[in-house]
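Listed here are the chains, written in short residue letters.
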Amino acid sequence: MQRVSKLIGLLGMAILSSLAFALPEDRNQPIHVSADQASLNEATGVSVYSGNVEIKQGSMILKGSRVELHRDNQGSIARVVSTGNPAEFQQQSVASQPVTRAYGNQMDYRIPTQLITITGNAQVQQANDRFTGQRIVYNMDQSIVDAFGSEQPGGQRVEMIIQPRSNN
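Residues numbered from 1 in each chain as written. Predicted model: local features only at pLDDT ≥ 70, side-chain atom pairs only at ≥ 80, totals over all residues. Heavy atoms only, no water.

### Some words on unusual backbone geometry
Okay, step 1: In this model, Asn85 is joined to Pro86 through a cis peptide bond whose omega is 0°.
Okay, step 2: With respect to the secondary-structure elements, Pro86 resides in strand E5 (residues 77–91). (Helix = DSSP H or I, 4+ residues; strand = E, 2+ residues; numbered from the N terminus.)

This is the structure:
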């Protein structure tokens, strides 16, 4: 049982860590934002994009029906909140690895604390491996993955599908 828990933790960290670490050249790419509407409030530092929002930077693509970008006092993006049915995220962390995709009703990335929380039918997949739950929280600084099922009786449980790896 301890071996299974360790395997689940390692797989979860491998999949979710790619949400934070993109191809090295991604961070030097321009950010492209498209949406049906945009509202930028300089006073609060919050930008709200709505209607078929798509944000691209290198291999990273974020989609949602609504995306909020929150800036800190220095003007850096401190928090990104995306909602949708579902909100979608994809990114390739290493050129030789498959793209990682994440889905959920809401994704909340708090950059200073390096916490990513995916809620509502949360799902992360890489190739044919899949990790699902009602809520998935990944602390990138501490490499801790927590997955939660629904608190309702008979609700969504945490599930993982792990494909066998070849020994080649």
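### Section: the side chain of Gln57
Okay, step 1: Note that Gln57 resides in strand E3 (residues 46–57).
Okay, step 2: Among the polar contacts listed, one links the side chain of Gln57 to the backbone oxygen of Gln29, at a separation of 2.9 Å. (Polar contact = N/O pair within 3.5 Å; in protein donor to acceptor, adjacent residues only side chain to side chain.)

### A short note on the packing of aromatic side chains
Okay, step 1: Under the definition given, this model contains 0 aromatic pairs.
Okay, step 2: A cation over an aromatic ring shows up here: Arg135 above the ring of Phe148, its NZ or CZ 4.0 Å from the ring centre. (Phe/Tyr/Trp six-rings, centres within 6.5 Å; stacked < 30°, edge-to-face > 60°. Lys NZ or Arg CZ within 6 Å of the ring centre and 35° of its normal.)

### Concerning the nonpolar core
Okay, step 1: Among the nonpolar cores identified, the biggest contains 20 residues, and Ile55, Leu62, Val67, Phe89, Ala102, Met107 and Ile118 are the most heavily contacted of them.
Okay, step 2: Secondary structure elements with two or more residues in this core: E3, strand E4 (60–71), E5, strand E6 (100–110), strand E7 (115–126) and strand E8 (129–139). (Core = buried A, V, L, I, M, F, W, Y, C linked by side-chain atoms within 4.5 Å. Buried < 20%, exposed > 50% of the residue type's maximum accessible area, 1.4 Å probe, protein only.)

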